[in-house]
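# Structure at a glance
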Amino acid sequence: HVIAVSPPLLDHCRAQGVRTDRLSYVPNGIELDEWRRTRDTPDAKRALGLKPHDTTLLIVGRLSWEKGVDRAIRATAEIAGTLPTLRVLIVGDGPQRAELEALAGQLGVGDRIQWCGWSRDARPYYEAADALLLPS
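The structure contained in this document is the topic of the report that follows.

Here is what the cut-offs are and how they apply
Each chain has its residues counted from 1, running along the sequence as written. Whole-chain, interface and lining totals are the exception, using all residues; otherwise, since this is a predicted model, local features are given only for residues with pLDDT of at least 70 and side-chain atom pairs are given and counted only at 80 or more. The side-chain figures draw on all heavy atoms in the structure; neither hydrogens nor water molecules are used. Take the buried residues of types Ala, Val, Leu, Ile, Met, Phe, Trp, Tyr and Cys, join any two whose side-chain atoms come within 4.5 Å, and each joined set is a nonpolar core. To sort residues, take the accessible area from a 1.4 Å probe on protein chains only and compare it with the maximum for the residue type: under 20% means buried, over 50% means exposed, and anything in between is partly exposed. Strands here mean DSSP runs of E at least two residues long; helices mean DSSP runs of H or I at least four residues long; both are numbered from the N terminus. Contacts between residues were defined by any pair of non-hydrogen atoms, one from each residue, lying within 4.5 Å. Only centres within 6.5 Å qualify two rings of Phe, Tyr or Trp (six-membered ring in Trp) as a pair; their planes then separate them into stacked at under 30 degrees, edge-to-face at over 60, and tilted for everything else. The directions considered for the arc are those from the helix axis to the C-beta atoms.

With that out of the way, let us pick up the nonpolar core. Note on soluble globular proteins: their nonpolar side chains tend to be buried together. The biggest cluster of nonpolar side chains holds 16 residues, and the ones touching the most others in it are Val69, Ile73, Ile90, Ile113 and Trp115. Looking at this core, the elements that each hand over two or more residues are β3 (55-60), α3 (69-79), β4 (86-91), α4 (97-106) and β5 (113-117). Those residues in contact with valine 69 that sit more than four places away from it in its chain are Ile59, Leu63, Ile90, Leu100 and Pro135. Counting residues in hydrophobic clusters, the runner-up holds 11 residues, among them Ala44, Leu48, Leu50 and Tyr125.

Moving on to the packing of aromatic side chains. Taken as a whole and assessed by the stated rule, the structure comprises 1 aromatic pair. The interplanar angle of 85° and the centroid separation of 5.4 Å between the aromatic rings of tryptophan 35 and tyrosine 126 together place this pair among those described as edge-to-face. One end of the pair, tryptophan 35, is in the loop between β2 (23-25) and α2 (41-47); the other, tyrosine 126, is in helix α5 (residues 123-128), with 91 residues separating them in the sequence. Residue classification places tryptophan 35 among the partly exposed positions, given a relative accessible area of 36%.

Let us now look at α4. All of the buried residues along α4 are Leu100, Leu103 and Ala104. What you see down the axis of α4 is that its buried residues fit within an arc of 100°, all on one side. Turned more than 90 degrees from where α4 packs its buried face, Ala98, Glu99 and Gln106 sit exposed. Tucked inside the fold, the buried residues of α4 contact α3 and β5. Directly after α4, the chain includes glycine 108, whose backbone phi takes a positive value near 75°.

So this is what it looks like as structure tokens:
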């Protein structure tokens with residue numbers, strides 16, 4: 001069974017020969033009212049123990065190879081010297097966590113990364129972030 005998350009993907013699946021009885025459409029989206037800010041970015045950073053002027057990047061997801069978190073850690077190492085206030089929040093857990101923590105240490109950016117673990121509600125982290133990384 002194929003679940004398409006947008007009308008163009010639904011059309012693409014049909015064009016590729018996926019039978020209608022094996023195809024569903026589930027919109028990929030969020031309820032905006034559920035994601036309204038509860039505080040400004042500096043206050044959200046303080047609540048997570050960050051400095052208000054830190055440049056905070058956020059990754060939310062399972063820590064497994066297909067999510068590409070290793071690429072984000074390598075990129076962090078590449079730009080860390082030019083951005084002294086850089087901090088990366090990683091919200092999630094998974095089979096690659098120990099390996100990723102080791103990589104961050106080897107690349108000298110372990111102190112730049114906050115391993116937040118799995119969270120039922122990632123909204124406080126989104127509010128604290130200056131940018132969201134999707135390294136997959």
